[in-house]
Amino acid sequence: QVQLVESGGGLVQPGGSLRLSCAASGFTFSSYAMRWYRQGPGKERELVATITDTGGSTNYADSVKGRFTISRDNAKNTVYLQMNSLKPEDTAVYYCYRYLNYWGQGTQVIVSS
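Predicted model only: the values in this text are computed from it and were never measured. (Residues numbered from 1 in each chain as written. Predicted model: local features only at pLDDT ≥ 70, side-chain atom pairs only at ≥ 80, totals over all residues. Heavy atoms only, no water.)

Visitor: Please explain the pattern of salt bridges as it appears in this structure.
Guide: Opposite charge on two side chains permits pairing when their charged atoms draw close. All chains considered together, the criterion is met by four salt bridges. The residue Glu46 makes a salt bridge to Arg38 at a minimum N-O spacing of 2.6 Å. Note that Asp62 and Lys65 form a salt bridge whose closest N and O atoms lie 3.1 Å from each other. Just as Asp62 is exposed, Lys65 falls in that class too. (Salt bridge = Lys/Arg side-chain N within 4 Å of Asp/Glu carboxyl O. Buried < 20%, exposed > 50% of the residue type's maximum accessible area, 1.4 Å probe, protein only.)

As structure tokens, then:
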């Protein structure tokens, strides 16, 4: 069965960095585009970043463009989200997603001084 397990969240000061990981199993990882979503307190879930199956193309929400980088290692069945210059408004639960409505359990990111 498809499993997505996020890790790497935590508490960070504004301006800091975190790298999230999503370990995938139960499917041919290299055949699927992957996405990161987030849901902040009192907000709707929003798409943050997308990467194609080969990693050759990426897309970002305007709110994170230039600060976040999505990448993947198909040999390790893992997708990453490098988050730099973090802001308090980046505080959210971050979720890994695969097409056909497969979600991880989420990892909490809190940006606060």
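Visitor: Looking at this structure, I do not really get the packing of aromatic side chains. What am I missing?
Guide: To describe a pair of aromatic rings, one takes the distance between the centres and the angle between the planes. For the structure on display, the rule yields six aromatic pairs. With centroids separated by 6.2 Å and ring planes inclined at 90°, the aromatic side chains of Tyr95 and Trp103 adopt a geometry described as edge-to-face. Using a relative accessible area of 13% as the deciding quantity, one classes Tyr95 as buried. Counting every residue linked through ring pairs, the aromatic cluster contains Tyr37, Tyr95, Tyr97 and Trp103. Above the plane of the ring of Tyr32 lies Arg98, whose end atom (NZ or CZ) is 3.8 Å from the centre. (Phe/Tyr/Trp six-rings, centres within 6.5 Å; stacked < 30°, edge-to-face > 60°. Lys NZ or Arg CZ within 6 Å of the ring centre and 35° of its normal.)

Visitor: So what exactly am I meant to see when it comes to the pairing of strand β3 (residues 18–25) here?
Guide: A regular strand places its side chains on the two faces of the sheet in alternate fashion. As judged from the five bridges shared by strand β1 (residues 3–7) and β3, these two strands associate in the antiparallel manner. Pairing of Leu4 across the sheet is with Ala24, part of β3. Sheet analysis places β3 next to strand β8 (residues 78–83), joined by six bridges and oriented antiparallel. Paired with Leu20 across the strands is Leu81, a residue of β8. (Pairing = 2+ DSSP bridges. Helix = DSSP H or I, 4+ residues; strand = E, 2+ residues; numbered from the N terminus.)

Visitor: Is there a simple way to think about the sheet that holds β8 in this case?
Guide: Two strands in a sheet stick together by hydrogen bonds in their backbones, pointing the same way (parallel) or opposite ways (antiparallel). Taken together, four strands build an open sheet; the order of strands is β1-β3-β8-β7 and the sheet is antiparallel. Sheet topology places β1 and β7 (68–73) at the edges, where each strand pairs with a single neighbour. Across the sheet, the axes of successive neighbouring strands diverge by a mean angle of 15°, strand direction being ignored. (Axes fitted to C-alpha atoms, helices over the stretch in contact; angles between N-to-C directions.)

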